[in-house]
Amino acid sequence: MMTLFRSLVAQTLDLTDVKALQDVKNSLHDLPGSTFFASWDFSFDPCESFSGVVCESVGSVRHVVMLSLGNGFGNSPGLAGVLTPSLGSLNFLKMLTIAPGQVQGIIPESLGGLPLLEFLGIGRNRLSGPIPESFANLQNLQGLDLGHNELSGTIPAVIGALPKLNTLALSHNNIIGQIPSFSAPLIHLDLEQNILSGSLPRLSQSLVYLSLSMNSLTGSLESLAYLQNLRYLDLSFNQFKGNIPPEIFGFELSNMYLQRNQLSGVLAPKGPVSIGSVDLSYNLLTGTLPSWFVFTNNLFLNNNKLTGVVPQGFFVSMLLGHLQNLYLQHNYFEDMEMGSNIPLPVTCTFCIQYNCLIPSKQSSCPLNTGIQASRPASECNFRH
């Protein structure tokens, strides 16, 4: 009998946690078509019957350790309402996620009081206001995803110092100011499509994924030369200036997107560039086209100030089916080493319109390239 009694006690959910779950249900609701809260009947044990609730026993009581609000299916409409400050009383919570929906209002400061929290994912909703400064207390936090909301204010400097943070996603918000320095062991940093300004700060050398596109960032890219673990780089649609560090062309990147900046100087890779897709279009790059780029799959260098001859190796690479897209339009190239008249594969797109040459008949350009085949001679004679 005593054993049975102890077993029953061990199944009891902490009363503070019960109150927090009640407040969650009162502050959020299913959007039409969602049935997430249908199982939240408080006449039953939340740990056994509630969708999205995972508990663990601590001593003689149970505590909520994982809370996944919303179905999370691709076609689920999600939840609406606001986040209750009572979430901050779930002291044993390790993971809190909310499925995409229409949850709005501010992020409660109380969430910074969750000492064991390891992952907070509440992206793709309609949350607004600043990122709480109280997040400085989340010393066990490893992942923070607040992307695709309506957040404003700046990125608190304390975020960059969280000792275990490896993933930070704040993309598609209205965040302003400078990017703080990061001593955290970041692997994934996504801040694209905000209103960030200033230059690149000190970034974690552990970074594998870096996306800062569609902001108003300025300065040089020199600090990128030390991020040798990068596998994905997107700094497009900013206002960066200066040379592209030669070292980054040797990184094992899958994608390099630096288009639509104000980058200048010559392209100077130190060896073969085996990056899958390289987009350096709409910059101010000068000099000739290095043959090292023949090892890419997609190369976009259009709308720069490149000169000289297009090496034969690029056409060989297209004939072999390796190079799929080669965009060289709107530069100042003077000749092409085609080597033969063998038709390029139909899977390849090659555009060299509006240069200081007569385009090859195999040049096939996007509609927005314009109707002029070549640059006027006056532009070619006085291009400098």
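The rules behind these values
- Residues numbered from 1 in each chain as written.
- Predicted model: local features only at pLDDT ≥ 70, side-chain atom pairs only at ≥ 80, totals over all residues.
- Heavy atoms only, no water.
- Helix = DSSP H or I, 4+ residues; strand = E, 2+ residues; numbered from the N terminus.
- Buried < 20%, exposed > 50% of the residue type's maximum accessible area, 1.4 Å probe, protein only.
- Contact = heavy atoms within 4.5 Å.
- 1 Å grid on protein atoms, 1.4 Å probe; cavity = no way out; pocket = protein on both sides within 12 Å on 5 of 7 lines; lining within 4 Å.
- Points joined across faces, edges and corners; volume = space filled by probe spheres on them.
- Nonpolar A, V, L, I, M, F, W, Y, C, P; charged D, E, K, R; others polar.
- pLDDT = per-residue confidence, 0-100.
- Phe/Tyr/Trp six-rings, centres within 6.5 Å; stacked < 30°, edge-to-face > 60°.
- Lys NZ or Arg CZ within 6 Å of the ring centre and 35° of its normal.
- Disulfide = S-S within 2.5 Å.

A. Here's a closer look at the environment of N283. Inspection of the secondary structure assignment puts N283 in the loop between strand 21 (277-279) and strand 22 (284-286). With relative accessibility at 5%, the residue N283 sits in the buried group. Residues N283 and F240, spaced 43 residues apart in sequence, show a C-alpha to C-alpha distance of 9.6 Å. With near-sequence residues (within four places) excluded, N283 lies in contact with L258, Q259, R260, N261, Q262, L263, N303 and N304.

B. Expanded view of empty space enclosed by the protein. Throughout the structure, instances matching the rule amount to 1 cavity of 30 Å³ or more. Empty space within the largest cavity amounts to approximately 30 Å³. Every residue lining the largest cavity is listed: F315, L319, M338, S340, I342, L344 and Q362. Its residues assigned to classes, the lining of the largest cavity shows 5 nonpolar, 2 polar and no charged.

C. Quick look at the confidence of the model for the protein chain. With 96% of its residues at a pLDDT of 70 or more, the protein chain shows a mean pLDDT of 94. Overall, residues 1-10 carries pLDDT values under 50, and its contacts beyond four positions in sequence, including any with other chains, amount to 6 contacts.

D. Summary view of the packing of aromatic side chains. Summed over the entire model, instances satisfying the criterion amount to 10 aromatic pairs. For the ring pair F36 and F37, a centre distance of 5.1 Å and an interplane angle of 75° mean the geometry is edge-to-face. As far as burial versus exposure is concerned, F36 and F37 are alike and both buried. Judged by centre distance (5.0 Å) and plane angle (85°), the ring pair of F37 and W40 falls under edge-to-face. In textbook terms, an aromatic cluster arises when at least three aromatic residues are bridged by ring pairs, as seen for F36, F37, W40, F42 and F50. Here the basic side chain of R260 rests over the ring of Y282, its NZ or CZ set 3.7 Å away from the ring centre. Directly above the ring of Y332 sits R375, whose terminal nitrogen or CZ lies 3.9 Å from the centroid.

E. View of the state of the cysteines. Applying the stated criterion to the full structure yields 3 disulfides. Between C47 and C55 runs a disulfide, and the two sulfur atoms are separated by 2.2 Å. Taking the sign of the torsion about the S-S bond as the criterion, the disulfide between C47 and C55, at about -85°, is left-handed. Across the pair, C55 and C47 agree in class, each one buried. For C356, the disulfide goes to C380, at an S-S distance of 2.0 Å. With the S-S dihedral at roughly -100°, the linkage between C356 and C380 falls on the left-handed side.

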